[in-house]
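Geometric and topological summary
Each chain is listed here by its residues.
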Amino acid sequence: MSIFEYNGSALVAMVGKNCFAIASDRRLGVNLQTVATDFQRIFKIHDKLYIGLSGLATDAQTMYQRLVFRHKLYQLREERDMKPQTFASLVSALLYEKRFGPYFCQPVIAGLGDDDVPFICTMDCLGAKELAKDFVVSGTASESLYGACESMYKPNMESEELFETISQALLSSVDRDCLSGWGGHVLLVTPTEVQERTLKGRMD
């Protein structure tokens, strides 16, 4: 079994009309044994920028702490929040400098940039970016997430429809992966507000 599958995870970010949603499952496991059912995989960098970290849970938490540290230094020096594109480059550089002993994480970055244009991207554990205009997925359930998102996604969705779409995609995908699931956690970000919702899913 790959080290990326040790804890199990499912992450997806999706773009709407001047908004985005990022969702994850809530299971923390050790191989097939479930340890926790309320695990946090999506972290806030600032009000309009979030990062989801799939892969090894310990590395995800370490990496989040380092990213918060780097972002606070940036805020002190620049006196502004980091743009999503800049933050993606920072995450990529952080991963690449550890390439000979990498963080076993595959990040999903989602944010609102200039003029509230949504930005999403994902990368591998060495920091190779993959940019997308519609959705990005990561984690052990990524194959089924690709299928669900391909069939459900449509461009320029309003926030409520986007929430419904990403929730259905996540819940139907984690049912086909035994290492992730146990409900979901969805963040819906618009220029004016952030909505945080918890999904109930199959408890097995």
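Details of the structure are given in the entry above.
This write-up is about the structure you can find in this document. All figures in this text were calculated on a predicted structure; none of them were measured in a lab. (Residues numbered from 1 in each chain as written. Predicted model: local features only at pLDDT ≥ 70, side-chain atom pairs only at ≥ 80, totals over all residues. Heavy atoms only, no water.)

Looking now at the side chain of S173. When you line up the elements, S173 lands in helix α4 (residues 159–174). Among all residues touching S173, those that are not within four sequence positions of it are A141, S144, L145 and A148. (Helix = DSSP H or I, 4+ residues; strand = E, 2+ residues; numbered from the N terminus. Contact = heavy atoms within 4.5 Å.)

Hydrogen bonds between backbone groups are what pair the strands of a sheet, and the pairing can be parallel or antiparallel. The strand order across the open sheet built from five strands is β5-β6-β7-β8-β9, with neighbouring strands paired in antiparallel fashion. Both outer strands of the open sheet, β5 (42–46) and β9 (129–132), are each paired with one neighbouring strand and no more. The mean inter-strand angle of the sheet, taken between neighbouring strand axes irrespective of direction, is 20°. Note: strand β8 (residues 118–123) against β9, four bridges, orientation antiparallel. When the bridges of β9 are listed, T122 appears paired with E130. (Pairing = 2+ DSSP bridges. Axes fitted to C-alpha atoms, helices over the stretch in contact; angles between N-to-C directions.)

The geometry of helix α1 (residues 57–78) relative to helix α2 (residues 84–96) is characterised by a closest axis approach of 11 Å and an angle of 125° between their N-to-C directions. Regarding the angle of α1 to α2, the classification is oblique. As for how α1 packs across α2, the hand of that crossing is right-handed. Facing α1, whose interface residues are M63, R66, L67 and R70, α2 presents F87, L90, V91, L94 and L95. Partitioning the contact of α1 with α2 into residue classes produces seven nonpolar, no polar and two charged. (Parallel < 35°, antiparallel > 145°, perpendicular 65-115°, else oblique. Left-handed = near helix turned anticlockwise from the far one by under 90°. Nonpolar A, V, L, I, M, F, W, Y, C, P; charged D, E, K, R; others polar.)

Turning to its location among the elements, K72 is positioned in helix α1. Overall, the relative accessible area of 52% leaves K72 in the exposed class. Separated by ten residues in sequence, K72 and M82 have C-alpha atoms that sit 9.6 Å apart. (Buried < 20%, exposed > 50% of the residue type's maximum accessible area, 1.4 Å probe, protein only.)

Bringing the state of the cysteines into the picture now. The final tally for this structure, using the stated rule, is zero disulfides. C149 takes part in no disulfide bond, and the closest cysteine sulfur to it belongs to C19, at a distance of 15 Å. Note on C149: relative accessible area 0%, which makes it buried. No disulfide involves C178; its nearest neighbouring cysteine sulfur is the one of C149, lying 20 Å away. A residue is classified by how much of its surface remains accessible, and C178, at 59% relative accessible area, is exposed. (Disulfide = S-S within 2.5 Å.)

It is worth stressing that arrangement in space is one thing and function is another; only the former is reported here.
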